[in-house]
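# Descriptive analysis of the structure
Single-letter residue listing:
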Amino acid sequence: DVKVTQSSRYLVKRTGEKVFLECVQDMDHENMFWYRQDPGLGLRLIYFSYDVKMKEKGDIPEGYSVSREKKERFSLILESASTNQTSMYLCASSPGGSFEKLFFGSGTQLSVL
Amino acid sequence: EDKVVQSPLSLVVHEGDTVTLNCSYEVTNFRSLLWYKQEKKAPTFLFMLTSSGIEKKSGRLSSILDKKELFSILNITATQTGDSAIYLCAVDPGGNQFYFGTGTSLTVIP
């Protein structure tokens, strides 16, 4: 079974802190994604990566950056956390190619105080 | 603008009821539609639909796609408390993005 692991289940940070959310997948997937999930808004794509060192902005990239130095690891960085970044963050991966599905991590509930 | 709309937003039913969840979409390109179930953890894959009129079935859950009318339904028969979850619908337009709806929150009470 594909495993997508997010480093923290719950995280509490202070406004202005730099925050790193880590995601690791173990199935050699080409594509990796970061979503945030908010009530009433569903899943919104922040960034995705289709290869090592390659990244594309999603729908809401402002205030975030990403890093993919190795194929299995995709990091989401909040340069200076703000209260409106309090949310559930979901990482996902997919093999690449046609008729693929997303495999999700368990999510990180981030609270910025 | 590409969009996926799910309805209802939330639903409360009693055990044993049958529920129908709706997902409509407007996208420039369409490759597949996917349903996921999300409890207090990772969304888990339920179905992938690519062709109209072909029902996918897994136990008490089933789903069908209508590519002419641009919607899909997810049916759950004889609901159980373990079916309580958020159900997510997503469209794969090809390329690297998936478009998600807001989800339907289902609560099944004993």
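This report concerns the structure included in the present document. (Residues numbered from 1 in each chain as written. Chains lettered and ligands numbered in written order. Predicted model: local features only at pLDDT ≥ 70, side-chain atom pairs only at ≥ 80, totals over all residues. Heavy atoms only, no water.)

Counting secondary structure elements, chain B contains 0 helices and 11 strands. For chain B, the succession of helices and strands along the chain, N to C, is β-β-β-β-β-β-β-β-β-β-β. Its C-alpha radius of gyration of 13 Å places chain B within 12% of the 13 Å reference for a compact globule of 110 residues. Look at the contacts in chain B between residues 6 or more apart in sequence, and 53% of them connect residues 24 or more apart. Roughly 5200 Å² of accessible area belongs to chain B as shown, and the carbon and sulfur atoms make up 50% of that amount. Separation between the mean location of the 10 positive side-chain charges and that of the 11 negative ones in chain B comes to 5 Å. (Helix = DSSP H or I, 4+ residues; strand = E, 2+ residues; numbered from the N terminus. Rg over C-alpha atoms; globule rule 2.2 N^0.38 Å. Contact = heavy atoms within 4.5 Å. Areas by Shrake-Rupley, 256 points an atom, 1.4 Å probe, with all protein chains shown as cover. Lys, Arg positive; Asp, Glu negative; His and termini not counted. Charge placed at Lys NZ, Arg CZ, Asp CG, Glu CD.)

Every contact between the two is made by 20 residues of chain B and, on the other side, 23 residues of chain A. Summed over both sides, the interface of chain B with chain A buries roughly 1800 Å², with 60% coming from carbon and sulfur. Contact with chain A buries area across many residues of chain B, yet Asn96, Phe98 and Phe100 of chain B alone supply 30% of it, more than any other trio. Where chain B packs against chain A, one counts 0 salt bridges. Of all elements in the fold, only strand 4 (32-38), strand 5 (44-49) and strand 9 (85-92) of chain B reach the threshold of two or more residues within the side of chain B that touches chain A. Take the side of chain B that touches chain A: its biggest share by element is 4 residues, from strand 4 of chain B. (Buried area = accessible area lost by both parts, 1.4 Å probe. Salt bridge = Lys/Arg side-chain N within 4 Å of Asp/Glu carboxyl O.)

Take the environment of lysine 68 of chain B next. All names here are of chain B. Secondary-structure assignment places lysine 68 in the loop between strand 7 (61-66) and strand 8 (71-76). Judged by its relative accessible area of 74%, lysine 68 is exposed. Residues lysine 68 and serine 52 lie 16 residues apart in sequence; the distance between their C-alpha atoms is 7.9 Å. (Buried < 20%, exposed > 50% of the residue type's maximum accessible area, 1.4 Å probe, protein only.)

Attention shifts here to the layout of surface pockets. Looking at the largest pocket, its volume works out to about 570 Å³. Surrounding the largest pocket, 23 residues form its lining, Gln37 and Pro39 of chain A together with Gln38, Glu39 and Ile86 of chain B being those nearest its centre. Listed by contribution, the elements that provide at least two residues to the lining of the largest pocket are strand 4 (31-38) of chain A together with strand 9 and strand 11 (104-109) of chain B. Per-element accounting of the lining of the largest pocket gives the leading share, 3 residues, to strand 11 of chain B. Of the residues in the lining of the largest pocket, the class split is 7 nonpolar, 11 polar and 5 charged. Computed from the structure, the second largest pocket encloses a volume of approximately 360 Å³. Every residue lining the second largest pocket is counted, 18 residues in all, and those nearest its centre are Asp2, Lys3, Val4, Tyr99 and Phe100 of chain B. (1 Å grid on protein atoms, 1.4 Å probe; cavity = no way out; pocket = protein on both sides within 12 Å on 5 of 7 lines; lining within 4 Å. Points joined across faces, edges and corners; volume = space filled by probe spheres on them. Nonpolar A, V, L, I, M, F, W, Y, C, P; charged D, E, K, R; others polar.)

A few words on the state of the cysteines. All names here are of chain A. In total, this model carries 2 disulfides over all chains according to the counting rule given. The residue that forms a disulfide with cysteine 23 is cysteine 91, at a sulfur-sulfur distance of 1.9 Å. Taking the sign of the S-S torsion, about -75 degrees here, the bridge from cysteine 23 to cysteine 91 comes out left-handed. With cysteine 23 in strand 3 (residues 19-25) and cysteine 91 in strand 9 (residues 87-94), this residue pair connects regions lying 68 residues apart in the sequence. (Disulfide = S-S within 2.5 Å.)

Residue and element names in this part refer to chain A. The 4 strands are arranged 1-3-8-7 in an open sheet whose pairing can be described as antiparallel. The open sheet is flanked by strand 1 (4-6) and strand 7 (64-70), the only strands paired with a single partner. Here the strands of the sheet are splayed against their neighbours by 20 degrees on average, with no regard to which way each runs. Examined bridge by bridge, strand 3 and strand 8 (residues 73-78) share 6 bridges and lie antiparallel to one another. Counterpart to glutamate 22 in the pairing with strand 8 is serine 75. (Pairing = 2+ DSSP bridges. Axes fitted to C-alpha atoms, helices over the stretch in contact; angles between N-to-C directions.)

Let us now look at unusual backbone geometry. Residue proline 8 of chain B is reached from serine 7 of chain B by a cis peptide bond, and omega for that bond is -10 degrees. The topology assignment puts proline 8 of chain B in the loop between strand 1 (3-7) and strand 2 (10-14). Of note, the phi angle at lysine 53 of chain A is positive, near 65 degrees, even though the residue is not glycine. Examined against the element boundaries, lysine 53 of chain A turns out to sit in the loop between strand 5 (42-51) and strand 6 (54-57). Backbone geometry at alanine 78 of chain B places phi at a positive 45 degrees, although glycine is not the residue there.

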